[in-house]
Amino acid sequence: MTLVCPSCGRDHADEERFCTQCGLPLVPEGGPAEAVLDERGERLRKIKKQYSEGELVRVKVARQQPEAEFIQSLLLEEGIPSTLRRTRGFDVPEMLAAGPRDVLVPASGAAAAREVLLEAELIDDRTAAPTNPGKVLAGLLAAFAVVGLLILVVDLLG
Ligand SMILES: [Zn+2]
């Protein structure tokens, strides 16, 4: 077996562990470090098998293609494969990157995907209802504004 340096490509004898030139760990000639993984190979390598089973379920509707692709990359970081589908009911010409996209993941990866999206604050946790005081306050203020407007209208009519 010939060992080569992944940096300079210099051949080394079997007993060497590091490149005498660069000091980098040597790899077997033609081994995995030499094979340049294409993007697809890189993606497949990351995907965890336990997240790749079952029917596709929708975990998120992205506003457009770039957001959808961003979500896909987030999910892939956690080993969750995903696929995109044009959200039904929106007729946008195929060549435009506009229009919402469904982000679909295998059923076995759905729970993990939701956690990733929650973590990234891309979805709301519907089970943990109004705990955000800012939101509650904004809602109250909006309610008061409506009441105030009604009183004003009633005053003007009266
Ligand atoms: Zn070297």
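The structure this text deals with has already been given above.
Residues numbered from 1 in each chain as written. Predicted model: local features only at pLDDT ≥ 70, side-chain atom pairs only at ≥ 80, totals over all residues. Heavy atoms only, no water.

J.: Would you mind going over the overall build of the chain with me for this structure?
T.: Check the secondary structure of the chain and you find four helices and six strands. Its helices and strands taken in sequence order, the chain reads β-β-β-α-β-α-β-β-α-α from the N to the C terminus. Buried positions account for 25% of the 158 residues belonging to the chain. Intrachain contacts of the chain at a sequence separation of at least 6 include 54% that bridge at least 24 residues. By element, 57% of the accessible surface of the chain is carried by carbon and sulfur atoms, the whole surface being about 11,400 Å². (Helix = DSSP H or I, 4+ residues; strand = E, 2+ residues; numbered from the N terminus. Buried < 20%, exposed > 50% of the residue type's maximum accessible area, 1.4 Å probe, protein only. Contact = heavy atoms within 4.5 Å. Areas by Shrake-Rupley, 256 points an atom, 1.4 Å probe, with all protein chains shown as cover.)

J.: Please explain helix α3 (residues 107-119) as it appears in this structure.
T.: Each turn of an α-helix holds 3.6 residues, which means side chains three or four residues apart point in the same direction. Counted at 1.5 Å a residue, the expected span for α3 with its 13 residues is 18 Å, and the 19 Å between its end C-alpha atoms agrees. Where α3 is concerned, the buried positions are G109, A110, A112, A113, V116 and L117. Each element contacted by the buried residues of α3 is listed here: β4 (56-62), α2 (65-77) and β6 (101-106). Looking one or two residues beyond α3, the residue adopting positive phi is E121, at roughly 55°. (Expected span 1.5 Å × (residues − 1).)

J.: What exactly am I supposed to notice about the coordination of the zinc ion here?
T.: Working reference: metal with six octahedral donors, ideal angles 90 or 180 degrees; metal with four tetrahedral donors, ideal angle 109.5 degrees. Here the zinc ion is held by the protein donor atoms C5 (SG), C8 (SG), C19 (SG) and C22 (SG), which lie 2.2 to 2.3 Å from it. Around the zinc ion sit four donor atoms, and with donor-metal-donor angles ranging over 104 to 116° the site reads as tetrahedral. Every donor residue of the zinc ion comes from the same chain, spaced as C-x2-C-x10-C-x2-C. What makes C22 partly exposed here is its relative accessible area of 38%. (Donors = N, O, S within 2.8 Å, 3.2 Å for Na, K, Ca; no water. Tetrahedral: all angles 85-135°; square planar, octahedral: opposite > 155°, others 65-115°.)

J.: Just checking my understanding: could you explain the nonpolar core for this structure?
T.: Within soluble globular proteins, side chains that are nonpolar generally end up buried alongside one another. Counting residues in hydrophobic clusters, the biggest one holds 16 residues, and the most contacted among them are V59, I71, L75, I80, V103 and V105. Only β4, α2, β6 and α3 provide two or more residues apiece to this core. Ignoring anything within four residues of it in the chain, the contact list for V105 reads E55, L56, V57, V59, L75, I80, P81, S82, A110 and A113. (Core = buried A, V, L, I, M, F, W, Y, C linked by side-chain atoms within 4.5 Å.)

J.: Explanation requested: the sheet that holds β4 in the structure shown.
T.: Hydrogen bonds between backbone atoms are what pair the strands of a sheet, whose relative direction is either parallel or antiparallel. Strand order in the open sheet formed by three strands is β4-β6-β5, and the pairing between neighbours is antiparallel. Each having just a single partner strand, β4 and β5 (83-86) make up the two edges of the open sheet. Pairs of neighbouring strands in the sheet enclose a mean axial angle of 35°, with direction left out of account. As paired strands, β5 and β6 are joined by four bridges and run antiparallel to one another. Looking at the pairing, T83 lines up with L104 of β6. (Pairing = 2+ DSSP bridges. Axes fitted to C-alpha atoms, helices over the stretch in contact; angles between N-to-C directions.)

Honestly, that's just the spatial picture; any functional story needs more than this.
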